[in-house]
Amino acid sequence: MKEKQATVDRDNNVIKRNNDAYQGDDTERTPLLSKSDRRVQLSKWEPLSQLIVLASVYMLGYSPFFTLLNLERILYPEIGVFALMCNYGGSICSLVTAPVIAKHLGAKGSVLLGWVCQAVFIAAHFYMVPYIILPVAFLVGIGHAQAWITNAVFVTALGLQYSEITGRPQGEVMGMFQGIFFTIFQFSGIWGNLVSALVLNSPVDDTTGNESTSHAQGGNLSALCGSNFCPWEDTSGTYITQPEQYVIYIILGCFLGLLSLAFVITLLFLKDVKSTTGDSLHSVKDFLVTVWRLVFRKKMGLILPAFMVVGIGQTLVLTEFITAFTSCEIGIEYNGWSAMLYSGGLVVGSALTSRLVKHVGWVTMFILAACCNSACMASMLLYQSSGFDSLEFYFLIPVVSALGDSMWMATASGKRL
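Keep in mind the model is a prediction, meaning the values are calculated, not measured. (Residues numbered from 1 in each chain as written. Predicted model: local features only at pLDDT ≥ 70, side-chain atom pairs only at ≥ 80, totals over all residues. Heavy atoms only, no water.)

Peer 1: Would you mind showing me how to read the overall build of the protein chain here?
Peer 2: Along the backbone of the protein chain there are 15 helices and zero strands. Within the protein chain, the proportion of its 417 residues that are buried is 40%. Considering only intrachain contacts with a sequence separation of at least 6, the fraction spanning at least 24 residues in the protein chain is 82%. When the accessible surface of the protein chain is totalled, it reaches about 22400 Å², and 65% of it is carbon and sulfur. (Helix = DSSP H or I, 4+ residues; strand = E, 2+ residues; numbered from the N terminus. Buried < 20%, exposed > 50% of the residue type's maximum accessible area, 1.4 Å probe, protein only. Contact = heavy atoms within 4.5 Å. Areas by Shrake-Rupley, 256 points an atom, 1.4 Å probe, with all protein chains shown as cover.)

Peer 1: Is there a simple way to think about helix H7 (residues 188–200) in this case?
Peer 2: Counting along an α-helix, one turn takes 3.6 residues, and residues three or four places apart therefore face a common direction. An ideal rise of 1.5 Å per residue puts 18 Å on 13 residues; H7 measures up with 19 Å between its terminal C-alpha atoms. All of the buried residues in H7 are Ser188, Gly189, Ile190, Gly192, Asn193, Val195, Ser196, Ala197 and Leu200. Close packing links the buried residues of H7 with helix H3 (45–75), helix H6 (170–185), helix H10 (245–269) and helix H13 (335–360). (Expected span 1.5 Å × (residues − 1).)

Peer 1: How should I be thinking about the packing of aromatic side chains in this particular structure?
Peer 2: In the structure shown here, the tally under the stated rule is 24 aromatic pairs. A ring pair is formed by Phe325 and Phe393, whose centres lie 5.8 Å apart and whose planes are at 55°; its orientation type is tilted. Of this pair, Phe325 sits in helix H12 (residues 298–330) while Phe393 sits in helix H15 (residues 391–416), placing them 68 residues apart in sequence. Here Phe325 matches Phe393 in class, with each residue buried. Judged by centre distance (5.4 Å) and plane angle (80°), the rings of Phe393 and Tyr394 are edge-to-face. As far as burial versus exposure is concerned, Phe393 and Tyr394 are alike and both buried. Connected via pairs of aromatic rings, a cluster forms that spans Tyr58, Tyr62, Phe65, Phe66, Tyr88, Trp115, Trp148, Phe181, Phe182 and Phe185. (Phe/Tyr/Trp six-rings, centres within 6.5 Å; stacked < 30°, edge-to-face > 60°.)

Peer 1: Would you mind showing me how to read the state of the cysteines here?
Peer 2: Linking two cysteines covalently through their sulfur atoms gives a disulfide. Under the definition given, this model contains one disulfide. Two residues share a disulfide in this structure: Cys225 and Cys328, whose sulfurs sit 1.8 Å from each other. Because the sign of the S-S torsion sets the handedness, a value of about -65° for the bond joining Cys225 and Cys328 places this disulfide among the left-handed ones. Linking Cys225 in the loop between helix H9 (218–224) and H10 with Cys328 in helix H12, this pair joins segments that are 103 residues apart in sequence. Looking at Cys328, the relative accessible area reads 0%, which means it is buried. No disulfide involves Cys371; its sulfur sits 7.1 Å from the nearest other cysteine sulfur, which is in Cys372. Take Cys371: its relative accessible area is 46%, and that puts it in the partly exposed class. (Disulfide = S-S within 2.5 Å.)

Peer 1: Can you walk me through the packing of helix H4 (residues 80–124) against H10 in this structure?
Peer 2: Any two packed helices are characterised by the angle at which their axes cross and by the distance between the axes. With their axes 10 Å apart at the nearest point, H4 and H10 run at an angle of 170° to one another. The orientation of H4 relative to H10 falls into the category roughly antiparallel. The way H4 lies across H10 gives a crossing that is left-handed. Contacts between H4 and H10 involve Lys108, Val111, Leu112, Trp115, Val116, Gln118, Ala119, Ile122 and Ala123 from the first element and Leu252, Phe255, Leu256, Leu259, Ala262, Phe263, Thr266 and Leu267 from the second. A per-class count over the contact of H4 with H10 returns 14 nonpolar, two polar and one charged. (Axes fitted to C-alpha atoms, helices over the stretch in contact; angles between N-to-C directions. Parallel < 35°, antiparallel > 145°, perpendicular 65-115°, else oblique. Left-handed = near helix turned anticlockwise from the far one by under 90°. Nonpolar A, V, L, I, M, F, W, Y, C, P; charged D, E, K, R; others polar.)

Peer 1: In this structure, what is going on with the pattern of salt bridges? I would like to understand it.
Peer 2: Side chains that differ in sign of charge can pair as their charged atoms come close. Under the defined criterion, the tally for this structure stands at two salt bridges. Residues Lys271 and Glu46 are paired through a salt bridge, measuring 3.1 Å at the closest nitrogen-oxygen approach. Here Glu46 lies in helix H3 and Lys271 lies in the loop between H10 and helix H11 (284–295), a separation of 225 residues in the sequence. On the basis of relative accessibility, which here comes to 38%, the residue Glu46 falls in the partly exposed class. Between Arg168 and Glu172 there is a salt bridge whose closest N-O contact spans 2.5 Å. Among the residues examined, Arg168 registers a relative accessible area of 28% and is labelled partly exposed. (Salt bridge = Lys/Arg side-chain N within 4 Å of Asp/Glu carboxyl O.)

Peer 1: Where do I start with the nonpolar core in this structure?
Peer 2: Across soluble globular proteins, nonpolar side chains have a tendency to be buried as a group. Among the nonpolar cores identified, the biggest contains 51 residues, and Tyr58, Trp115, Phe177 and Phe181 are the most heavily contacted of them. Elements supplying a minimum of two residues to this core: H3, H4, helix H5 (130–166), H6, H7 and H10. Sorting elements by how many residues they give to this core places H3 first, with 14 residues. Beyond its immediate sequence surroundings of up to four residues, Tyr58 is in contact with Val111, Trp115, Ala147, Trp148, Thr150, Asn151, Phe181, Phe185 and Ser188. Judged by nonpolar contacts, the second largest core, of 23 residues, contains Cys225, Met380, Ile397 and Ala402. (Core = buried A, V, L, I, M, F, W, Y, C linked by side-chain atoms within 4.5 Å.)

Peer 1: What am I meant to see in the packing of H5 against H6 here?
Peer 2: Relative to each other, H5 and H6 sit at 135°, their axes nearing to 9 Å. Comparing their axes, H6 and H5 come out oblique. Note that H5 runs across H6; the crossing there is right-handed. Packed against H5, whose contacting residues are Trp148, Asn151, Val155, Thr156, Leu158, Gly159, Leu160, Tyr162 and Ser163, the element H6 presents Gln170, Val173, Met174, Met176, Phe177, Gln178, Phe181, Phe182 and Phe185 at the interface.

Peer 1: What's the story with H3 in this structure? I'm lost.
Peer 2: Taking 1.5 Å of rise per residue, 31 residues should cover 45 Å, and H3 covers 44 Å from first to last C-alpha, within 8% of that figure. Counting buried positions along H3 yields 25 of 31 residues, so the element is predominantly enclosed.

Peer 1: Please explain the environment of Leu259 as it appears in this structure.
Peer 2: The residue Leu259 is located in helix H10 in this model. Linking Leu259 and Tyr62, residues 197 residues apart in sequence, is a C-alpha distance of 8.1 Å. In contact with Leu259, not counting residues within four places along its chain, are Gly61, Pro64, Trp115, Gln118, Ala119 and Ile122.

Peer 1: Help me understand a nonpolar patch on the surface in this model?
Peer 2: Together, Val264, Leu267, Leu268 and Phe269 line one region of the surface with nonpolar side chains, adding up to about 390 Å² of accessible area. Its place among the elements puts Leu267 in helix H10. (Patch = residues over 30% accessible without salt bridge, like charges linked within 9 Å, V, L, I, M, F, W, Y side chains within 5 Å.)

Structural data, given as structure tokens:
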């Protein structure tokens, strides 16, 4: 019996050696090792290229929305602000809808949904009536927020892929990927406002006498504009004049073009990422419980005021300052330039903060940010501008305010890490 078993084992060993030899021959015919090394060497560029694609489509997709922040109440003074309020209300509701949408559409589908929703929001402006724009703005806010939430999914997934391929620490890679994404994304305030500036930069119709009256009567400017501005008062004699309807249609058409470009690039070049863990796979209840616990953490409670300051600062400059000072005192055609300078200040401020913080520390950065914001608000309250005679005032305030806001964003992110 033992001899029979030994014979069987010997035959099995012979078969195994033959199979190994055959596989070895096949390996020699196909140099898998060299291909594998080349694939690993090149694959580290795939997460980086996808990150650049992601940042580029977000830059294009969010440009129209950011531009509408400073145009809405001027182009549509009766209902524009309420449309933006409904949009933000829908964004708040995304706290409940985000995990459900992400589970069914995935990451790439969520981004595409965001561009479609924003295109619908822009298209609704062609027929601006309350019973259409307000509900559309609320529903669109859900998709708008969904796209913004999903950028973190992409950046995290791509960063983990790059860390696994290169062997670099995850924290270092995530910081680098976040920096690349937001540096490119900050240019979103450039393109839409550039369209606004170029389209609205047409000669002012002097038949109404608005230009000569407001420029000659400086008292009207100080009484109606600046810190004394009230949107419900008669602003005749100022430069805030409703542009021709065809001009508004040209701006809206350009915005739809930017969103269409973002949609096509996302559809063709952005690859989907699959999550194996995370809140997107949990129920809505579990997601809300997680958020509730996170909000009441001590560190998060200290970080949230910084983000609130950033939001208030952006709203103050992109809506109140540009309307009450820029549009009222020197003209709506200068709106885009002021907003572009704010976006440029965010880019420059983010780059400077990342270098200064290594030498001066976080406390000094908080103080500098507070000084920048306080100086801007004090200037808006106390400085008596004189229209075109003090043109630098309308461009300096957005830049300095952006520097302060960029410091708040950088310090909040750094403390969170």
